[in-house]
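# Structure assessment
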Amino acid sequence: MTYERYRGWILNNCPALGSGPVVDLLAGSVAGGTAVMCTYPLDLARTKLAYQVSDTSASYRSSMRSVCAQPACGGLKDVLTSVHKEGGTRALYRGIGPTIIGILPYAGLKFYVYEELKCHIPEEHQKSIVMRLSCGALAGLFGQTVTYPLDVVRRQMQVEHLQPSIQGHVRYRSTWDGLSKIVRNQGWKQLYAGLSINYIKIVPSVAIGFTAYDMMKIWLRIPPRQKSQSG
């Protein structure tokens, strides 16, 4: 929704940019940033639920029994409530810096590459679902590869306080600080750790998302952009 809104606003207010893929790049970037701002606390909670560990040091010192323990948080509401109590609203957006920096080029590149690839599809294949899936997959592959290091920094910033060795200390002061420290301490390959697994999730997700978006516009009989602009 926001992508189409931003795209229309750019076309109406910045005619010098034309109506090509550059507009898709800008509109997609801002739309991605808007989506992140609205949903980031949910992403933070998801990451914490996935990475949370229980403090078993007390039971270990007392009886050295099993290290298994109940999760620190029972669900989404518990995570959001505990995070808000710890640091207020600002804590709900911990790590949003690298997320915004990463989502702007990622979302922009997705839309740019997707629309650019569609421009090179022969007329007789314009409505092919397979071609749209292929364009979406390539767009997701390219965007994810370029911006993945920023996603690694974001995840580490989100869960840094869960690691006992650095509890009470801020490991990364900024996105650039996080990138440089990861390269210096863990090697540049760490910036792409888990990328192949992420491909399995992101590439088909982007491909299906773009294809479903375009096909729904066709089924809902929404006029193509060229016709709507000329009318």
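Overview of the structure.

What counts and how
- Per chain, residues are indexed from 1 in the order of the written sequence.
- Residues qualify for local features only when their pLDDT is at least 70, as the model is predicted, and side-chain atom pairs are given and counted only at 80 or more; totals for whole chains, interfaces and linings, by contrast, use all residues.
- With hydrogens and water stripped out, all remaining heavy atoms of the structure feed into the side-chain values.
- Helix and strand assignments follow DSSP, with helices taken as H or I runs no shorter than four residues and strands as E runs no shorter than two, numbered in order from the N terminus.
- Take the number of residues in a helix, subtract one, and multiply by 1.5 Å to get its expected span.
- Note on classification: 1.4 Å probe, protein chains only; a residue is buried when its accessible area is under 20% of the maximum for its type, exposed when over 50%, partly exposed between these limits.
- A pair of aromatic rings is counted whenever rings of Phe, Tyr or Trp (Trp by its six-membered ring) have centres within 6.5 Å, and the orientation is called stacked for planes under 30 degrees apart, edge-to-face for over 60 and tilted otherwise.
- An axis is simply a line fitted to the C-alpha atoms; with a helix, the fit covers only the stretch in contact. Between two such axes, the angle follows the N-to-C directions and lies from 0 to 180 degrees.
- For classification, angles of less than 35 degrees are called roughly parallel, those exceeding 145 degrees roughly antiparallel, those between 65 and 115 degrees roughly perpendicular, and all remaining angles oblique.
- The sense of a crossing depends on the near helix, which, turned anticlockwise from the far helix by less than a right angle, makes the crossing left-handed and, turned clockwise, makes it right-handed.
- Only heavy atoms enter the contact rule, under which two residues are in contact if any of them lie within 4.5 Å.
- Residues enter patches when they are more than 30% accessible in relative terms and free of salt bridges; like-charged ones are connected within 9 Å and nonpolar ones (Val, Leu, Ile, Met, Phe, Trp, Tyr) within 5 Å.
- Using a 1.4 Å probe, the Shrake-Rupley method yields the accessible areas, and only the shown protein chains count as cover for residues.
- The working definition used for a salt bridge is a side-chain nitrogen of Lys or Arg within 4 Å of a carboxyl oxygen of Asp or Glu.

Every α-helical turn comprises 3.6 residues, leaving residues that sit three or four positions apart pointing alike. Over its 16 residues, helix α4 (residues 76-91) runs only 15 Å from end to end, short of the ideal 22 Å by more than 12%, given 1.5 Å per residue. Buried within α4 are the following residues: Val79, Val83, Gly88 and Ala91.

With that out of the way, let us pick up the packing of aromatic side chains. Using the criterion set out here, one finds four aromatic pairs in the structure. Considering the side-chain rings of Tyr3 and Phe111, the 4.0 Å spacing of their centres and the 15° angle between planes classify their relative orientation as stacked. Placement of the pair is Tyr3 in helix α1 (residues 2-13) and Phe111 in helix α5 (residues 96-119), with a sequence separation of 108 residues. Considered together, Tyr3 and Phe111 belong to a single accessibility category, that of buried residues. For the ring pair Tyr114 and Phe210, a centre distance of 4.2 Å and an interplane angle of 10° mean the geometry is stacked. One end of the pair, Tyr114, is in helix α5; the other, Phe210, is in helix α8 (residues 195-219), and 96 residues separate them in sequence. For the residue pair Tyr114 and Phe210, the accessibility class agrees, reading buried in each case. Grouping aromatic residues by their ring pairs yields a cluster made of Tyr3, Phe111, Tyr114 and Phe210.

Packing of α5 against α8 brings their axes to within 12 Å, and their N-to-C directions diverge by 60°. The angle between α5 and α8 places the two elements in the oblique class. In the crossing of α5 with α8, the sense of the turn from one axis to the other is right-handed. Residue-level inspection shows Tyr106, Lys110, Phe111, Tyr114 and Lys118 of α5 in contact with α8, the latter providing Ile202, Val206, Phe210, Thr211 and Asp214.

Turning our eyes to something else, we now look at a nonpolar patch on the surface. A cluster of nonpolar side chains, namely Met216, Ile218, Trp219, Leu220 and Ile222, defines an oily patch on the protein surface of about 530 Å² accessible area. Secondary-structure assignment places Met216 in helix α8. Overall, the relative accessible area of 41% leaves Met216 in the partly exposed class.

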